Amino acid sequence: VGKQLYLGMDFGTSGARYALIDKEGNIHAEGKREYPLFMNKETADWLQSWKVTLFALLKDVPVSLRSTVVSISIDGTSATTIILDSKTGESFCKPFLYNESCPEALPSVKSIAPANHTVCSGSSTLCKLVSWWNSDNSTKESAVLLHQADWLLWLLHGKLGVSDYNNALKVGYDPEVESYPPWLLSQPYSRVLPSIQPPGTAICALKESIRTDYGFPKNCVICTGTTDSIAAFLAARANQPGKAVTSLGSTLAIKLLSTRRVEDARFGVYSHRLDDKWLVGGASNTGGAVLRQIFTDEQLEKLSEQINPAEPSPFDYYPLQGVGERFPVADPKMEPRLHPRPASDVEYLHGILESIACIEAKGYSLLKDLGATPVEEVFTAGGGSKNEKWIKIRERVLGLPVSKALQTEAAYGAALLAMKGAAE
Ligand code: ADP
């Protein structure tokens, strides 16, 4: 066998990226594109924009490497929903974006779904489907629902109605029993739901026209994808139970690989399936956004240099941007606590970083109390991961090895899914 490479593409909130990797995980090429703006009847034409970006990224893959690409996978934003007419391949309406809410559908969804199910949120895929179903008067016979990643993959393989169980969680799919639940299947709109495969499953060959136009090989297969945040977790290769990724971006999010599925709606904790394991997640409102309100990124670096991470800070803060916290404490009325402010900015920053570390530790401890595999090692992603002193502080507070993740790009995680699909 000659050289074989795997192509992953990430369609995030602000742009798209690709990563081309080999069996050992080395990156052979990568790149990114902003979404171009297309207008359609005075609204942004997202489908056109994503489609153009998809083919732009395929063109960005160096010509000399294209003939070695044996598989492709894509991740997209979670709950971004497209409803297509399978007869024409045209969408019935503009796509519902990940953060769009359909509160009008919520009462109807709540009346059929179990209490606190993930679909019981106005922005869930199911609320979007119900909202469309109740408002669109066109014949719905030939409708099919796809998530953003499914739709982009469909442009490459041409088989309508295929998705993965990560994307499908918010439409109500139960990855544990591998089917849609009876309360969903009994609804008239259940016939538009896609069929579900594990992420990284080969669907079929890349369309011949694309293959020949771009110079991809005959054996190039298209594989099911996942959501952007799961792809980012996969990139860190935390693939044993007890391994976790803390994302220190504007907010703090933790994701832990567990042998047990745990859910608790009070804390917004739920689990995604990853083959025979569960990816348990929780997201706090604390995080880097608060740091940015107080310090510039340059100050953060300068001040951090002077922190002695071996020394515990005496300050006990709860840094929040606004009122309210969900995880690891569910309290919609919680007030930010950032006082007393010491005269020394170094001490102040030390106290804030340490307080965020304590919230992180509390998060992992809550997941354990809820029944997840105890955390053993933490990888770090996001803007805060470059802070070496913070990593040291967190090692002390968590009592665990903490390091910066080697790879954090979702496109890299999607490429790992492509590798998985090619191995089948
Ligand atoms: P987003 O969630 O917006 O994508 P990023 O992952 O880009 O966020 O991270 C940005 C955050 O990283 C900012 O809120 C900033 O406070 C934080 N940050 C940047 N530099 C540092 C640093 N040296 N130490 C700690 N935090 C930092």
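Bear in mind the structure is a predicted one, so any value in this text is a computation, not a measurement.

Would you mind going over the sheet that holds strand β14 (residues 243-248) with me for this structure?
Two orientations exist for strands paired in a sheet by backbone hydrogen bonds: parallel and antiparallel. Taken in spatial order, the six strands of this open sheet run β16-β17-β15-β14-β18-β19, and their pairing is mixed. Each edge of the sheet is formed by a strand with only one pairing partner; in this case those strands are β16 (270-274) and β19 (402-404). Geometrically, the sheet is characterised by an average inter-axis angle of 25° between neighbouring strands, direction not taken into account. Taken strand by strand, helix α8 (residues 228-235) contacts β14, β15 (252-258), β16 and β17 (277-284), and its axis lies near 65° from that of β16. The sheet strands contacting helix α12 (residues 388-398) are β14, β18 (377-381) and β19, and the helix crosses β19 at an angle near 155°.

Would you mind going over the pattern of salt bridges with me for this structure?
Per the stated rule, a full pass over the model turns up 17 salt bridges. Glu176 serves as the salt-bridge partner of Arg261, at 2.8 Å between the closest nitrogen and oxygen. With Arg261 in the loop between β15 and β16 and Glu176 in the loop between β9 (162-164) and α6 (182-185), the pair connects residues that are 85 residues apart, well separated along the chain. Accessibility expressed as a relative area gives 49% for Glu176, which makes it partly exposed. We note a salt bridge from Arg292 to Asp297, for which the minimum N-O separation is 2.8 Å. The class for Arg292 is exposed, based on a relative accessible area of 58%. It is possible to trace a salt-bridge network through shared partners that takes in Asp174, Glu176, Arg261 and Glu263.

Analysis parameters
Residues numbered from 1 in each chain as written. Predicted model: local features only at pLDDT ≥ 70, side-chain atom pairs only at ≥ 80, totals over all residues. Heavy atoms only, no water. Pairing = 2+ DSSP bridges. Helix = DSSP H or I, 4+ residues; strand = E, 2+ residues; numbered from the N terminus. Axes fitted to C-alpha atoms, helices over the stretch in contact; angles between N-to-C directions. Contact = heavy atoms within 4.5 Å. Salt bridge = Lys/Arg side-chain N within 4 Å of Asp/Glu carboxyl O. Buried < 20%, exposed > 50% of the residue type's maximum accessible area, 1.4 Å probe, protein only.

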